[in-house]
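Listed below are the residues making up each chain.
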Amino acid sequence: MEAQARGLLETEPLQGRDEDAIASADSPSMLSEEEKEELKAELVQLEDEITTLRQVLSAKERHLVEIKQKLGMNLMNELKQNFSKGWHDVQTTTAYKKTHETLSHAGQKATAAFSNVGTAISKKFGDMSYSIRHSISMPAMRRK
């Protein structure tokens, strides 16, 4: 259906293959002069209708833009809305939820591991500080 609808809106004249298909359907030699004239008149009428439809479509598109401007809708707002909707759609997928859960769990474990490392380092520095203070305060150890 879309290809058929697109064909009506094409701005290019009939292509070679299109003309061949039409020519093979009704050979001009098989048509009477009266039929040829009727077909030519129909062709002119169809081309006029197509031109009119393009003009109507163009006017409607301009009107659409005017309405959107009056409502404060512009391209940036539409892009933001589309992005927000798309992001929401991604967040509601099962794959995203599972990945988010897994990464959150991994982040919690990493935070706990770094905390433990920090605590161990602090304890070591504390022990070293105590050892240094203790050795300074003991005169027997200073002589050695």
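Just so you know, the residues in each chain are numbered from 1, in the order the chain's sequence is written. Whole-chain, interface and lining totals are the exception, using all residues; otherwise, since this is a predicted model, local features are given only for residues with pLDDT of at least 70 and side-chain atom pairs are given and counted only at 80 or more. Side-chain metrics rest on all non-hydrogen atoms present in the structure, leaving aside hydrogens and water.

### Things to note about the overall build of the protein
So, step 1. Put simply, DSSP H or I for four residues or longer makes a helix, DSSP E for two residues or longer makes a strand, and each gets a number counted from the N terminus. Along the backbone of the protein there are six helices and zero strands.
So, step 2. If you list the helices and strands of the protein from N to C, you get α-α-α-α-α-α.
So, step 3. Counting across all 144 residues of the protein, residues that qualify as buried make up 0%.
So, step 4. With residues, only the protein chains shown are counted as cover, and all accessible areas are computed by Shrake-Rupley using a 1.4 Å probe. Of the accessible surface of the protein, which amounts to about 13,200 Å², a share of 61% is contributed by carbon and sulfur atoms. Think of it in three bands: with a 1.4 Å probe and only protein chains considered, a residue is buried below 20% of the maximum accessible area for its type, exposed above 50%, and partly exposed in between.

### Observations regarding the packing of aromatic side chains
So, step 1. Stacked, edge-to-face and tilted are the three classes for Phe, Tyr and Trp ring pairs, Trp counted by its six-membered ring, which pair at centre distances within 6.5 Å; planes under 30 degrees apart are stacked, over 60 edge-to-face, the rest tilted. The final tally for this structure, using the stated rule, is one aromatic pair.
So, step 2. Ring plane angle 80 degrees and centroid distance 5.7 Å describe the contact between Trp87 and Tyr96, whose orientation is recorded as edge-to-face.

### What about a nonpolar patch on the surface?
So, step 1. Taken together, the side chains of Val117, Ile121, Phe125 and Met128 make up a nonpolar region of the molecular surface, amounting to roughly 400 Å² of accessible area.
So, step 2. On the secondary structure map, Phe125 appears in helix α5 (residues 94-137).
So, step 3. A relative accessible area of 55% places Phe125 in the exposed class. Patch membership is restricted to residues that have no salt bridge and whose relative accessible area is over 30%. Joining uses 9 Å for like charges and 5 Å for the nonpolar side chains Val, Leu, Ile, Met, Phe, Trp and Tyr. Salt bridges, as used here, are contacts in which a Lys or Arg side-chain nitrogen is within 4 Å of a carboxyl oxygen on Asp or Glu.

### A short note on helix α3 (residues 33-70)
Because each turn of an α-helix spans 3.6 residues, side chains separated by three or four positions end up pointing in the same direction.
So, step 1. An expected span of 1.5 Å times one less than the residue number is assigned to each helix. An ideal rise of 1.5 Å per residue puts 56 Å on 38 residues; α3 measures up with 56 Å between its terminal C-alpha atoms.
So, step 2. Positioned one or two residues after α3, Gly72 has a phi angle of 80 degrees, which is positive.

### A closer look at a negative patch on the surface
So, step 1. The positive count covers Lys and Arg only, the negative count covers Asp and Glu only, and His and the chain ends enter neither. Charge coordinates come from a single atom per side chain, which is NZ of Lys, CZ of Arg, CG of Asp or CD of Glu. A contiguous patch of negative charge on the surface is contributed by Glu34, Glu35, Glu38 and Glu42.
So, step 2. Turning to its location among the elements, Glu35 is positioned in helix α3.

### Concerning the confidence of the model for the protein
So, step 1. Scored by pLDDT, the protein has a mean of 79; 69% of the residues are at 70 or more.
So, step 2. For every residue, the predictor assigns a confidence score, pLDDT, that lies between 0 and 100. Least confident of the elements in the protein is helix α1 (residues 2-9), whose mean pLDDT is 49; most confident is α3, at 95.

### Quick word on the pattern of salt bridges
Opposite charge on two side chains permits them to pair, given that their charged atoms come into close proximity.
So, step 1. A full pass over the atoms with the stated rule returns three salt bridges.
So, step 2. Linking Lys68 and Glu78 is a salt bridge whose minimum nitrogen-to-oxygen distance equals 3.1 Å. With Lys68 in helix α3 and Glu78 in helix α4 (residues 75-91), this pair connects stretches of sequence that are 10 residues apart.
So, step 3. The class of Lys68 is partly exposed, set by a relative accessible area of 25%.

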